[in-house]
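# Structural overview
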Amino acid sequence: TAHDQDRSLKRFSPNSDLDVTRLRDSISWSMTQLRPFRERYEQAIRMYAGQRFGENTGLDKMPLNLFRQVIDIWCRQLVSANPRALVLSRSADLRVGAFEMEIALNYLLDLIGFGKSLGEVARSAVFMVGAMKVGITNDFPLDTHVFSPESGAPYATPILFDDLILDLNARRLEESDFIGHRFRAPYDLVMDNADYDEGVLAKLAPSDVNSATDDLADDTGRTNKLSSGDSIERNEFRQHVELMEIWTPIRGGLLITLPVQAGLKPLQVREWTGPSNPTGPFHVLAFNPVLGNVLPSAPAQNIFDI
């Protein structure tokens with residue numbers, strides 16, 4: 001019954017081997033289903049970049065890249081500058097405070113580069129789907145590009161479609177059992193994070209020496225290969241590790257920090273304390289929705305063959 005299902009969900013524990021395995025398997029399946037979309041997304045990015053960008057070969061010569069011209073025009077129409085706040089009050093006593101709040105909001109939007117982030121999300125949505133993660137930083141903001149390392153600073157950071165994790169079992173985004181993203185963090189900072197589970201940290205290996213990977217760590221359809229190439233061995237100055245942050249509506253909302261490395265439990269599980277949102281801290285932008293599907297038919301995909 002629906003009551004029994006609700007009780008089962010409340011019994012869900014991210015620290016249970018069985019539950020974590022079920023979560024990993026579901027994410028892995030969804031990422032596998034995402035592969036053709038990621039490949040088409042990469043093809044569109046290649047077309048936009050043009051034949052003379054890095055190792056981007058195999059394209060026909062384009063003396064004038066009209067595909068790029070169309071994308072640039074659309075994106076300028078969508079986001080052309082940093083948004084500006086307008087704070088008003090009907091009470092005369094509060095108008096000075098409202099004006100000061102307006103100044104503070106506009107200053108904050110400039111400080112965190114919100115216009116640039118919004119532009120990246122809109123551009124990603126033109127190619128496939130855009131996503132932004134919004135929240136307040138903690139002492140270790142590993143998965144965000146924030147303007148300050150201090151705890152308590154607000155941020156709004158775009159997420160590459162390459163790194164976006166969606167629940168493709170859902171027919172609508174609001175029905176998703178999870179949504180999240182993969183991110184790359186310095187290994188030493190992860191190991192020094194006192195909030196992370198010590199038992200999991202003891203088993204965590206840097207990405208360059210970790211062979212225990214799965215579909216979550218593959219390079220299928222990754223656009224950074226245009227500049228970094230397909231080389232398996234990378235010469236990095238600092239060691240890094242691949243992590244995921246997953247939001248699930250279970251138990252009122254949980255944020256799960258999970259290593260991509262197979263077989264490991266979460267590094268951290270936190271209760272969601274943000275505003276009521278069907279996708280937690282993640283905000284998704286999509287054009288041309290396809291009924292019954294989480295992913296849209298993006299504008300760039302529609303004109304690709306032209």
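Residues numbered from 1 in each chain as written. Predicted model: local features only at pLDDT ≥ 70, side-chain atom pairs only at ≥ 80, totals over all residues. Heavy atoms only, no water.

## Some remarks on the side chain of Asn193
Going by this rule: Put simply, DSSP H or I for four residues or longer makes a helix, DSSP E for two residues or longer makes a strand, and each gets a number counted from the N terminus. The rule is simple: take the accessible area with a 1.4 Å probe, protein chains only, and divide by the maximum for that residue type; under 20% is buried, over 50% is exposed, in between is partly exposed. By the criterion applied in these results, polar contacts are pairs of N or O atoms within 3.5 Å in which, for protein atoms, one can donate a hydrogen and the other can accept it, and in which residues neighboring in sequence qualify only through two side-chain atoms.
As for its placement among the helices and strands, Asn193 is situated in the loop between helix H6 (187–191) and helix H7 (198–203). Its relative accessible area of 4% is what places Asn193 among the buried residues. Reaching out from Asn193, the side chain makes a polar contact with the backbone nitrogen of Asp195 at a distance of 3.0 Å.

## A word on the pattern of salt bridges
As a reminder of what qualifies: The rule for a salt bridge is simple: a side-chain nitrogen of Lys or Arg has to be within 4 Å of a carboxyl oxygen of Asp or Glu.
Overall, the coordinates contain 12 salt bridges when judged by the stated rule. A salt bridge links Glu42 to Arg46; the nearest nitrogen and oxygen atoms lie 3.2 Å apart. Of this pair, Glu42 and Arg46 both sit in helix H2 (residues 17–49), four residues apart, roughly one helical turn. For Arg46, a relative accessible area of 22% puts it in the partly exposed group. A salt bridge links Asp72 to Arg123, with the shortest nitrogen-to-oxygen separation between them at 3.2 Å. Here the residue Asp72 occupies a position in helix H3 (residues 66–78), and Arg123 occupies one in helix H5 (residues 114–127), the gap between them amounting to 51 residues. On the accessibility criterion, Arg123 (29% relative accessible area) is partly exposed. Several salt bridges share partner residues, and in doing so they unite Lys133, Glu245 and Arg270 into one network.

## Let's talk about H5
Using the following cut-off: Given a helix with a known number of residues, its expected span is that number minus one, times 1.5 Å.
With 14 residues, H5 should cover 20 Å at 1.5 Å per step; its first-to-last C-alpha distance of 20 Å lies within 8% of that length. Turning to H5, its buried residues number three or more, namely Phe114, Gly115, Ser117, Val121, Ala122, Ser124, Ala125, Val126 and Phe127.

## Some details on the pairing of strand S5 (residues 240–248)
Where we set the bar: A strand pair is defined by DSSP finding two or more bridges across the two strands.
The buried fraction of S5 amounts to eight of the nine residues, a majority that puts the element mostly inside the structure. Relative to S5, strand S4 (residues 179–186) is paired through eight bridges, and the arrangement is antiparallel. Considered in S5, the bridge of Arg184 is made with Glu242. In terms of strand pairing, S5 meets strand S6 (residues 254–259) through six bridges, oriented antiparallel. In the sheet register, Thr248 faces S6, and the bridge partner there is Leu254. A loop of five residues connects S5 with S6, the two strands running antiparallel in sequence, and Arg251 in this loop sits at a positive phi of about 55 degrees.

## A look at the side chain of Ser30
Let me state the cut-off plainly: Here a residue-residue contact requires only that any non-hydrogen atoms of the pair lie within 4.5 Å.
Position of Ser30 relative to the elements: it lies in helix H2. Of the polar contacts made by the side chain of Ser30, one reaches the backbone nitrogen of Leu168; its length is 3.2 Å. If we skip the residues at most four places from it in the chain, Ser30 touches Leu166, Asp167, Leu168 and Phe178.

## What about the sheet that holds S6?
Here is the rule: For helices, the fitted axis covers only the stretch in contact; all axes are lines through C-alpha atoms, and the angles between them, taken along N-to-C directions, range from 0 to 180 degrees.
Spatially, five strands are ordered S3-S4-S5-S6-S7 in an open sheet, and the strand pairing comes out antiparallel. Single-partner strands in this sheet number two, and they are strand S3 (164–166) and strand S7 (268–271). Neighbour-to-neighbour, the strand axes of this sheet turn through a mean angle of 20 degrees, independent of strand direction. In the packing of H2 onto the sheet, contacts are made with S3, S4, S5 and S6, and the angle to S3 comes to roughly 110 degrees.

## Overview of unusual backbone geometry
Backbone geometry places Arg251, a non-glycine residue, at a positive phi of 55 degrees. Considering the arrangement of structural elements, one finds Arg251 in the loop between S5 and S6. Residue classification places Arg251 among the partly exposed positions, given a relative accessible area of 42%. Located in the positive-phi region is Asn288, a residue other than glycine, with phi close to 55 degrees. Structurally, Asn288 is set in the loop between strand S8 (282–285) and helix H9 (299–303).

## Points about the nonpolar core
When a protein is soluble and globular, its nonpolar side chains tend to lie buried together. Rules: Remark: nonpolar core denotes a set of buried residues (Ala, Val, Leu, Ile, Met, Phe, Trp, Tyr, Cys) joined through side-chain atoms within 4.5 Å.
Core analysis: the biggest nonpolar cluster contains 42 residues, and Phe67, Phe127 and Phe161 have the highest contact counts within it. Sort the elements by how many residues they give to this core and H2 lands first, with 10 residues. In contact with Phe161, not counting residues within four places along its chain, are Leu34, Phe37, Arg38, Tyr41, Ser124, Met128, Val129 and Leu295. Judged by nonpolar contacts, the second largest core, of 12 residues, contains Phe183, Ala185, Tyr196 and Leu204.

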